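Geometric and topological summary
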Amino acid sequence: MSRRRSTPWIQRWSRPIIGAIAIVGAILTAYLTVVKLTGGEVTCAADAAASASSCNDVLNSPYATVFGLPLSLFGFLAYTSMSVFALGPIAMKGEGNKRLKNQLENWTWLLLLAGATSMSVFSSYLMYILTTEIQAVCLYCIGSALFSLSLLILTVIGREWEDFGQIFFTGTLVAMVTLVGTLGVYSGINSPEVTSSSGQTVIPVATTQPVPPYGWEITTTSGEAEIALANYLTEIGVKNYGAFWCPHCYEQKQLFGKKAFAEIDYIECDPRGVNPQQEVCQATGIKSYPTWEIKGQLYPGVKTLDELAELSDYQGTKNFKYTMPES
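First things first, this report covers the structure right here in the doc. In this text, all values refer to a predicted model and were calculated from it rather than measured experimentally.

Conventions adopted
- The residue numbering used here restarts from 1 in each chain and proceeds along that chain's sequence as written.
- Whole-chain, interface and lining totals are the exception, using all residues; otherwise, since this is a predicted model, local features are given only for residues with pLDDT of at least 70 and side-chain atom pairs are given and counted only at 80 or more.
- To obtain the side-chain values, all non-hydrogen atoms of the structure were included, while hydrogens and water were left out.
- For two strands to pair, DSSP has to find at least two bridges joining them.
- Working definition: helices are DSSP H or I runs of at least four residues, strands are E runs of at least two. Numbering for both runs from the N terminus.
- To define axes, lines are fitted to C-alpha atoms, for helices over the stretch in contact only, and angles between the resulting N-to-C directions are given on a 0 to 180 degree scale.
- The definitions used throughout rest on a 1 Å grid laid over the protein atoms alone, on which a cavity is an enclosed set of points accommodating a 1.4 Å probe that cannot get out and a pocket is an open set flanked by protein within 12 Å on both sides along at least five of seven lines; lining residues are those having an atom within 4 Å of a point.
- Grid points are joined across faces, edges and corners, and a volume is the space filled by probe spheres set on the points.
- When residue character is reported, Ala, Val, Leu, Ile, Met, Phe, Trp, Tyr, Cys and Pro are called nonpolar, Asp, Glu, Lys and Arg charged, and the others, Gly included, polar.
- What makes two residues a contact is simply this: any of their non-hydrogen atoms within 4.5 Å.
- Ring geometry is summarised as follows: Phe, Tyr and Trp rings, the Trp one being its six-membered ring, pair when their centres sit within 6.5 Å, and such pairs are stacked at plane angles under 30 degrees, edge-to-face over 60 and tilted between the two.
- Exposure is judged per residue with a 1.4 Å probe applied to protein chains only, and the accessible area is read against the type maximum: over 50% gives exposed, under 20% gives buried, and values in between give partly exposed.
- Both a distance and an angle decide whether a charge sits over a ring: NZ of Lys or CZ of Arg must be within 6 Å of the ring centre and within 35 degrees of the ring normal.

Another aspect to go through is the sheet that holds strand β4 (residues 239–242). The strand order across the open sheet formed by four strands is β5-β4-β6-β7, and the pairing between neighbours is mixed. Where the open sheet ends on each side, the last strands, each with one partner, are β5 (265–268) and β7 (297–300). Between one strand axis and the next, the sheet turns through 25 degrees on average, direction left out of account. Where β4 and β5 come together, four bridges link them in parallel fashion. Counterpart to Lys239 in the pairing with β5 is Asp265.

The structure is reproduced here in C-alpha cells:
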C-alpha cells in the first residue's frame, strides 16, 4: 500500500501569504497616492540624512508620474489585482464544480506569475534609476521592490508546476514586454540634457496641459546656489506671483529646481490653484505672470537667477545650474 506524499507547507500557504503581501502593498501605495494627490508630504526616516535626498524628492520626481497620474496609483491597482488573484480561489472554496475550480486555480496562477514578473522587472528598473539617476534613498520604493520580488518567488515555489518550461516562457515574455514598455514610458525623461554655450543646463519646458490645481511637476534638481538664493530672497521679503496654468511661471520654477522653489514666498493668483490669494494679487497690482516683487518694485516676466541676484543685491555663490532655452 503506497503512502500519499504530503503537500509541502509552502504550497499549502502560498496563496494566503501572497494575498497578505499584496494587501500590505496595496495599503502602502494607497497612502502614497493620497499624499501625492493632496499635495502632502510622506514621513520617511531618510529625511533625517542631510546629504541624502528625501523620500518626498523621490516621490515627486518625474519618474513618479506616469500619464499625468501618480505612479503609486498604478502600484495600488497592481497589488489589488494580485490580492484578488491569490485569494479569489480560496474565497470560492466549496462552491461550483471541481472542474471550474481547477481551471480557476490554473488561470490565477498564470496571472500571478505574469503580474509578479511584471512588477519585479518594473521595480528593478526603478531601483536602477533610484541609484544612478536620482541618487537618493526611498524606503517606500525599496519596500515595494522587496514586496514584488517576494511575490515572484512565492509564485514560482508556491505550487507544483507541471511544466517548468511554462514558467520560463511566460516569465521571459512578460519581462521583455514590461521592459520595453517601461523604457517607452520614460523615454522622454531619459533624453539627454541640453547644455548652453555658458555650460548651464537648459531647463525642460511645459509640453502638456497643466493639471489643476498644481500645474506641472518641477523636474529640475536644486543645487547649493539655487537654495542659497531662494533663502536669501525669502529673508529680504521678496515675493513671486503666478498662476498654476502659466507656462512662464513653470519656467521660473524650473530655473530654481524643486527644493529651492519650495523656499520661495510664492503667491498663487488663480482661485483654482493651491492656497490662492487672489485679493493679494489684485491689491498688489499684478497684471501678468510671473511677477516678482523686490524691495517694493514689481518686475514682470521670467527672470534668470543671475538677474534676480542682481536685482536683490545677492552676494552669495552664483554657480547656477540652469538657463532658459534660446528663443
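Bridge count between strand β6 (residues 291–294) and β7: four bridges; the pairing is antiparallel. What sits directly across from Trp292, in β7, is Tyr299.

Our focus in this paragraph is empty space enclosed by the protein. Taken as a whole and assessed by the stated rule, the structure comprises one cavity of 30 Å³ or more. Put simply, the largest cavity is a space of about 30 Å³. In terms of lining, the largest cavity is formed by Gly215, Trp216, Ala243, Phe244, Cys246, Cys249, Tyr250 and Lys253. When its residues are assigned to classes, the lining of the largest cavity shows six nonpolar, one polar and one charged.

On to the environment of Leu112, then. Structurally, the position occupied by Leu112 is in helix α4 (residues 98–134). Taking C-alpha positions, Leu112 is 6.6 Å from Thr155, a pair spaced 43 residues apart along the chain. In this view, Leu112 contacts Arg15, Ile18, Met82, Phe85, Ala86 and Thr155; residues no more than four positions away in its chain are not counted.

In the structure shown here, the tally under the stated rule is twelve aromatic pairs. Their ring planes at 45 degrees and their centres at 6.2 Å tell us that Tyr31 and Tyr140 sit as a pair that is tilted. Note that Tyr31 is positioned in helix α1 (residues 9–38) and Tyr140 in helix α5 (residues 139–157), a separation of 109 residues in sequence. Classification of Tyr140 as buried rests on a relative accessible area of 15%. Here the aromatic rings of Tyr232 and Tyr314 are separated by 5.4 Å at their centres, their planes lie at 55 degrees, and the arrangement is tilted. Of this pair, Tyr232 sits in helix α7 (residues 224–235) while Tyr314 sits in the loop between α11 (305–312) and β8 (322–323); the two residues are 82 residues apart in sequence, bridging distant segments of the chain. Take Tyr232: its relative accessible area is 22%, and that puts it in the partly exposed class. Put simply, the rings of Tyr63, Phe122, Tyr125 and Tyr186 touch in pairs and so form one group of aromatic residues. Here the guanidinium or amino end of Arg159 rests over the ring plane of Trp161, the centre of that ring lying 4.7 Å away. The ring of Tyr266 has Lys253 lying over it, and the distance from NZ or CZ to the ring centre is 4.8 Å.

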